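Residue-level structural notes
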Amino acid sequence: MIDFSGTAVEVAPLLLGAVIAHDSPEGRVGVRLTEVEAYLGDGLDPGSHAFRGRTRRNASMYGEPGRLYTYFTYGMHVCANVVCSPAGEASAVLLRAGEVVEGHELARSRRPTSRSDIDFARGPALLVKALGIALSDDGADLGTPPFSFAPADQRASGIATSLRTGVSGDGGRPPFAWRFFLEGDPTVSPYKRHPKLAAG
């Protein structure tokens, strides 16, 4: 089992190949994680929601490890993170992409505009939509129904790293190259440099 009490940077690569599943009245969907990003906080990570400390929005980042931190972004999407580190320390891993391994028909109904099955959970907002995670799932325990978490049988091979996607300022620069993904996996989302970072 993965020890979520480590920092997000330590936990993030261990999540690759793990399966997160969510049961709902419509059925069950499971996603094998292929891409994640690590975020710290409290003055340590300028790309993090918790860089300037605790707020109502990021409170779950300071909660018990192994729980979800969900948030609303761009006025239309929900994204989900796995909380890491001991309670009181801000640390979380953004779930960026994965492969649907269970509940394909339900995932397809939630993602009707997908061009193929590999696109069902190819991006953080799309992954959340495929799994049926809601903003109200903030703080939910991944080990307690309706969620379940199964670590990979063995540590994934072919792990690559890069700058984090769409992060501006110092948080998007090489000292924070905390995007971890399975190199060559078709479900990994394309890297997108933040326009302000490119201009800088």
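Further up the page is the structure itself.
Residues numbered from 1 in each chain as written. Predicted model: local features only at pLDDT ≥ 70, side-chain atom pairs only at ≥ 80, totals over all residues. Heavy atoms only, no water.

**A few points about the side chain of E37**
Turning to its location among the elements, E37 is positioned in strand β2 (residues 27-39). Taking the relative accessible area as the measure of exposure, E37 reaches 0% and is therefore buried. Discounting residues that sit within four places of it in the chain, E37 has contacts with A92, V93, L94, R96, R164, T165, W178 and R179. (Helix = DSSP H or I, 4+ residues; strand = E, 2+ residues; numbered from the N terminus. Buried < 20%, exposed > 50% of the residue type's maximum accessible area, 1.4 Å probe, protein only. Contact = heavy atoms within 4.5 Å.)

**Quick look at the pairing of strand β4 (residues 77-83)**
Within β4, six of the seven residues are buried, which leaves the element mostly enclosed by the surrounding structure. Across six bridges, strand β3 (residues 68-73) lies against β4 in antiparallel orientation. Bridging across to β4, F72 finds its partner in V78. Linking β3 to β4, which pair antiparallel, is a turn of three residues; within it Y74 sits at a positive phi near 55°. (Pairing = 2+ DSSP bridges.)

**Side note on the packing of aromatic side chains**
Scanning all chains against the criterion turns up three aromatic pairs. The interplanar angle of 65° and the centroid separation of 5.4 Å between the aromatic rings of F4 and F149 together place this pair among those described as edge-to-face. In this pair, F4 sits in the segment before α1 (8-15) while F149 sits in strand β6 (residues 147-150), placing the two residues 145 residues apart along the sequence. A residue is classified by how much of its surface remains accessible, and F4, at 10% relative accessible area, is buried. Geometrically, the ring pair formed by Y69 and Y71 is tilted, given 5.5 Å between the ring centres and 35° between the ring planes. (Phe/Tyr/Trp six-rings, centres within 6.5 Å; stacked < 30°, edge-to-face > 60°.)

**Re the pattern of salt bridges**
Two side chains with opposite charge may pair up if their charged atoms get near one another. With the rule as written, the count across this model stands at 13 salt bridges. The partner of E105 in a salt bridge is R108, with the nearest N and O atoms 2.6 Å apart. Of the two residues, E105 and R108 both sit in helix α2 (residues 104-110), three residues apart, roughly one turn of that helix. Overlapping salt bridges, with partners in common, bring together E35, E37, R96 and R179 in one network. (Salt bridge = Lys/Arg side-chain N within 4 Å of Asp/Glu carboxyl O.)

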